[in-house]
Amino acid sequence: MQRIRLRYTKRGRLRFTSHRDFQRAFERALRRAEVPMAYSAGFTPHPKVSYANAAPTGTGSEAEYLEIALTEQRDPETLRALLDESMPTGLDIVDAVEARTSGLADRLTASVWELRLDGVSVDDANKAVEAFLAAETVEVQRKTKNGIRTFDTRGAVVELAAAPAQGDPQGDRPVDSACAILRLVVRHVTPAVRPDDVLSGLRAVADLAPPVPAAVTRLAQGLFDEESGTVTDPLAPDREAVTAASSTAAATASATAPGAGTA
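Summary of the structure given here. Source: prediction; values computed, not measured. (Residues numbered from 1 in each chain as written. Predicted model: local features only at pLDDT ≥ 70, side-chain atom pairs only at ≥ 80, totals over all residues. Heavy atoms only, no water.)

1. Notes on the overall build of the chain
Moving on, step 1. The helix and strand tally for the chain stands at five helices and 12 strands.
Moving on, step 2. With the principal axes as the frame, the chain shows a C-alpha extent of 75 × 50 × 40 Å.
Moving on, step 3. Within the chain, the proportion of its 263 residues that are buried is 41%.
Moving on, step 4. Surface exposure of the chain reaches about 14000 Å², of which carbon and sulfur atoms provide 50%.
Moving on, step 5. The positive charge centre, built from 31 side chains, and the negative charge centre, built from 36, are 6 Å apart in the chain. (Helix = DSSP H or I, 4+ residues; strand = E, 2+ residues; numbered from the N terminus. Buried < 20%, exposed > 50% of the residue type's maximum accessible area, 1.4 Å probe, protein only. Areas by Shrake-Rupley, 256 points an atom, 1.4 Å probe, with all protein chains shown as cover. Lys, Arg positive; Asp, Glu negative; His and termini not counted. Charge placed at Lys NZ, Arg CZ, Asp CG, Glu CD.)

Here it is, written out as structure tokens:
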């Protein structure tokens, strides 16, 4: 069995697709691309697809991850291209690597988010950011299936900064009014702290209330590097393992080739 890890996006208006909508579209793409999928056992077999930390409905993303299991060997890049052709534009398969390590989900420990605040000036956003970062705790409330839950958002936030907008990459927002961009790096903790929770925290500490809902995009997710303060590529260990295996195989083939080692 071969395992392939894929990175995909949710762009433009397709950020409003739910995780279940994506699952249906992806399983159709698997059938169209004639991918030799491995299936689970039991009365209702289903394709072996593992999703990791999917973004909430309504948020865009450049860094969603999943893993599939195949019954036959396939070239990851060829498979990626076939699947991407079979997916709707906006739900794009942008990266693929053969899984050579374990624990993909364990490497998703932080996310980088971009929050577009239309109708909010950069000065007002900066003041709210300063108030948020200066606080020891910022408690917010969220409605859950078990009722209202109160939790701290400040502890999960590693970085928060404001900057002026440079156009609208999604193409569905006005660009001629006041607009601030928040860049947010947040650890994946329990309970999960989402971008809308941080916005609730900004409202609590600085009365920052955008007149329209924020456009939220996940730019990256992966392992948080404490030394550099960056979020690293979770597929990098697999790429490195593939490269190392290829180098070892090439060296072995060279050493065992006829005439190798003779004068």
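2. Some remarks on the packing of aromatic side chains
Moving on, step 1. This model, assessed by the stated rule, comprises three aromatic pairs.
Moving on, step 2. Relative to F26, the ring of F22 lies with its centre 5.9 Å away and its plane at 10 degrees, an arrangement referred to as stacked. Of the two residues, F22 and F26 are both situated in helix α1 (residues 19-32); the distance of four residues between them amounts to about one turn of the helix.
Moving on, step 3. For F22, a relative accessible area of 2% corresponds to the buried category.
Moving on, step 4. Counting every residue linked through ring pairs, the aromatic cluster contains Y8, F22, F26 and Y51. (Phe/Tyr/Trp six-rings, centres within 6.5 Å; stacked < 30°, edge-to-face > 60°.)

3. Concerning the packing of helix α3 (residues 122-134) against helix α4 (residues 195-206)
Moving on, step 1. Remark: α3 packs on α4, axes separated minimally by 9 Å, with the N-to-C direction vectors making an angle of 95 degrees. In terms of their interaxial angle, α3 and α4 are classed as roughly perpendicular. Listed contacts from α4 to A128, V129, A131 and F132 of α3 are V198, G201, L202, V205 and A206.
Moving on, step 2. Along the lines of polarity and charge, the residues of the contact of α3 with α4 split into eight nonpolar, one polar and no charged. (Axes fitted to C-alpha atoms, helices over the stretch in contact; angles between N-to-C directions. Parallel < 35°, antiparallel > 145°, perpendicular 65-115°, else oblique. Contact = heavy atoms within 4.5 Å. Nonpolar A, V, L, I, M, F, W, Y, C, P; charged D, E, K, R; others polar.)

4. Observations concerning α3
Moving on, step 1. For α3, which comprises 13 residues, the first-to-last C-alpha distance of 18 Å matches the rise-based estimate of 18 Å (1.5 Å per residue) to within 8%.
Moving on, step 2. Residues A125, A128, V129 and F132 constitute the buried set of α3. Looking straight down α3, one finds its buried side chains confined to an arc of 105 degrees; they lie on one side. Relative to its buried face, α3 has exposed residues pointing more than 90 degrees away, namely D123, K127, E130 and A134. (Expected span 1.5 Å × (residues − 1). Arc of directions from axis to C-beta.)

5. Notes on the environment of R239
Moving on, step 1. Along the chain, R239 falls in helix α5 (residues 236-256).
Moving on, step 2. For the pair R239 and E98, spaced 141 residues apart in the sequence, the C-alpha separation amounts to 7.7 Å.
Moving on, step 3. Each residue touching R239, except ones within four places of it in the same chain, is listed here: D95, V97 and D233.
Moving on, step 4. Within the structure, the side chain of R239 is placed 2.9 Å from the side chain of D95, a separation counted as a polar contact. (Polar contact = N/O pair within 3.5 Å; in protein donor to acceptor, adjacent residues only side chain to side chain.)

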